[in-house]
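Chain by chain, the residues:
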Amino acid sequence: MRQDPAWTHDKGCRSWGRWIQGNNSPAIGVCTDMRLWCAWLGLASCAIAWGQGVWAVRDARVFDGSRFRDGWTVVVEGGKITAAGPQAKAPDGAQILDGRGRTLLPGLIDAHVHAVSADALRAGLAFGVTTELDMFSLPGMAAGGGADAADLRTSGILATAPGGQGSEYGVPIPTLRGPEDAEAFVEARVKDGADYIKLVLDDGRAFGGSRPTLSAETVRALVAAAHTRASSQSRISLPKTMCA
């Protein structure tokens, strides 16, 4: 990991910080867990450089999530954005990056991926995707791809019925026969490092076919088990339901 931010051939940088409410910039919204990346306008990707010191991008064109704002300076201290706006000032001794002619954006979130490797997460970051929400992957991906890759949140193995959607790929996965299997399924996903539960409700009728799917009783049991885990402050959040 490079410790000193430096513009590379592809002119890119990112910060581990968050957008904050700036005193001189009331229109900035709070976007939790957003990192920053910057690139030349017109390029599809950028190289990444970042640092944990004190630095600033000065006189950049900044997209704040709603509109472009010209002539802004963004200050980063210890990996967090501490100031942003036309009047933002970098502390003495900060490394200054010239943002003129460049555009600064919040990191993008891809809300539906299937993470297959750490290389895929690194490729996502190269295109400005700083967070990926995985909707079905095998255990082992929960650790993510490292500091030079997009952050990963994952459901791990999806919840489906025997022979249901997600079980057809030639890789053995646990399935749920009924509500009695829900608690053990959620516990296993917690141990795998899952951040949330994905439920698949798809009986094939939308495509003129037929396939097994979770019963309403099983779905309720999964929701109850996930809520119990959420209330005990585990990593599991409320279930995500996908209807095909």
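Before any of the text, the structure's been laid out above.
As the structure is a prediction and not an experimental result, all values here were calculated from the model.

S.K.: Mind laying out the packing of aromatic side chains, listing which residues take part and the relevant values?
M.R.: Geometrically, a pair of aromatic rings is defined through the distance of the ring centres and the angle of the planes. Counting across every chain of the model gives one aromatic pair. Ring plane angle 50 degrees and centroid distance 5.0 Å describe the contact between Phe63 and Phe68, whose orientation is recorded as tilted. Look at Phe63 and you get partly exposed, because its relative accessible area is 24%. Relative accessible area serves as the criterion here: at 37%, Phe68 is assigned to the partly exposed category.

S.K.: Go over the pattern of salt bridges with me, naming the residues and quoting the values.
M.R.: In the structure shown here, the tally under the stated rule is twelve salt bridges. Between Arg122 and Asp119 there is a salt bridge whose closest N-O contact spans 2.4 Å. Taken together, the residues Arg122 and Asp119, both in helix 1 (residues 118–126) and three residues apart, mark about one turn of the helix. The class of Asp119 is exposed, set by a relative accessible area of 51%. Across the pair Asp148 and Arg122 runs a salt bridge, and its minimum N-O distance is 4.0 Å.

S.K.: How would you explain the layout of surface pockets if you had to name every residue and give the values?
M.R.: There is about 200 Å³ of room inside the largest pocket. Looking at side-chain class alone, the lining of the largest pocket contains eight nonpolar, three polar and no charged residues.

The rules behind each value
- Residues numbered from 1 in each chain as written.
- Predicted model: local features only at pLDDT ≥ 70, side-chain atom pairs only at ≥ 80, totals over all residues.
- Heavy atoms only, no water.
- Phe/Tyr/Trp six-rings, centres within 6.5 Å; stacked < 30°, edge-to-face > 60°.
- Buried < 20%, exposed > 50% of the residue type's maximum accessible area, 1.4 Å probe, protein only.
- Salt bridge = Lys/Arg side-chain N within 4 Å of Asp/Glu carboxyl O.
- Helix = DSSP H or I, 4+ residues; strand = E, 2+ residues; numbered from the N terminus.
- 1 Å grid on protein atoms, 1.4 Å probe; cavity = no way out; pocket = protein on both sides within 12 Å on 5 of 7 lines; lining within 4 Å.
- Points joined across faces, edges and corners; volume = space filled by probe spheres on them.
- Nonpolar A, V, L, I, M, F, W, Y, C, P; charged D, E, K, R; others polar.

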